[in-house]
Amino acid sequence: MLQQNTLNKGFIKEIFKSYQGEGKFVGARQIFIRFADCPFSCEGCDTDFSLSENFLCDGVEYSNPVLPDELFQILRENYNFKLFHSVSITGGEPLIQKDFLSEFLPILKDNGVKVFLETSGYLVDEIIELSDYLDIISVDIKLKSVFGKKYPSNLIKDLKVINEKIYYKVVIGKNIDENEIKTVLIELAKNDVDVLYVQFKNNYFNLGLLDKLSDIGYSYGIEVFFVPQVHKLIGIL
Ligand SMILES: Nc1nc2[nH]cc(C(=O)O)c2c(=O)[nH]1
Ligand code: SF4
Ligand SMILES: [Mg+2]
């Protein structure tokens, strides 16, 4: 976990430019800031979010931790914001660095940069607290059968107030059970969410499973979009 006395400093894993490979905004050209660390230990996590002394921004080395202003300068030195759709805040779980983000995100907003957040969905209050500074929020609905730990029971209901900024994404695998996915779909429908993005874990694919999920989704009034992890399919960052 992060050290004490560094609340207003950010710990970064890497910064790079690429094209969004998941969910509703596939193909959007983004500057990705991968924040270090995550406390959730999901089963089969495929992301290296380990903390190190230095990090690379498109091949240029910088040292951790950084102040909000310093991180903005790093972005400015390396990128022309006008050439990108948005900045993607990802991790790890970036919301564990909420104090840093509450200073950093307003700087992006003041400079007219659109902000996209990728979050596990485990930290509901933090999403709401930062939502004024977020333009697009990709929220995972973690299934117990896939990640070993279920999404918070208040997630979908509490985020209803910011539904226009959010899209939900569920990662499925061969062990999902029908009731668990039905529960999610009912809760989405109850809270005025009418679209769900679906991807398989670790490039697994099963058309029968996807059809079944789509059948249930549409029967509850939810449009189900299957979007594989495009960046992994084509081998870009
Ligand atoms: N291209 C690309 N798209 C992504 N969408 C979510 C990513 C992530 O690791 O958070 C990711 C990523 O690492 N690369
Ligand atoms: S929340 Fe995301 S980054 Fe953290 S352990 Fe789970 S899958 Fe990995
Ligand atoms: Mg990832």
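None of the values given here were measured: they were computed from a predicted structure.

Basis of the calculations
- Residues numbered from 1 in each chain as written.
- Chains lettered and ligands numbered in written order.
- Predicted model: local features only at pLDDT ≥ 70, side-chain atom pairs only at ≥ 80, totals over all residues.
- Heavy atoms only, no water.
- UniProt positions renumbered as here; feature names shortened; annotations may be inferred.
- 1 Å grid on protein atoms, 1.4 Å probe; cavity = no way out; pocket = protein on both sides within 12 Å on 5 of 7 lines; lining within 4 Å.
- Helix = DSSP H or I, 4+ residues; strand = E, 2+ residues; numbered from the N terminus.
- Buried < 20%, exposed > 50% of the residue type's maximum accessible area, 1.4 Å probe, protein only.
- Contact = heavy atoms within 4.5 Å.

(A) Here's a closer look at the UniProt feature "binding site: substrate" (unreviewed entry) in the chain. The UniProt record annotates "binding site: substrate" (unreviewed entry) at Tyr19, Gln20, Gly21, Arg34 and Thr90. These residues run over 72 residues, yet every pair of their C-alpha atoms falls within 14.5 Å of each other. Of the annotated residues named above, the ones that line the largest pocket are Tyr19, Gln20, Gly21, Arg34 and Thr90. Topologically, Gly21 is positioned in the loop between β1 (12-19) and β2 (29-35). When its relative accessible area of 3% is taken as the criterion, Gly21 is described as buried. Not counting residues up to four positions away in its chain, the partners in contact with Gly21 are Val26, Pro228, Gln229, Val230 and His231. As for its position among the elements, Thr90 is in strand β5 (residues 86-90). Judged by relative accessible area, which is 9%, Thr90 ranks as buried.

(B) Region of the structure containing the UniProt feature "domain: Radical SAM core" (unreviewed entry) in the chain. Under the feature "domain: Radical SAM core" (unreviewed entry), the UniProt entry names residues 25-237. The distance from the first to the last C-alpha atom of residues 25-237 is 16 Å, and the span holds 33% helix and 22% strand.

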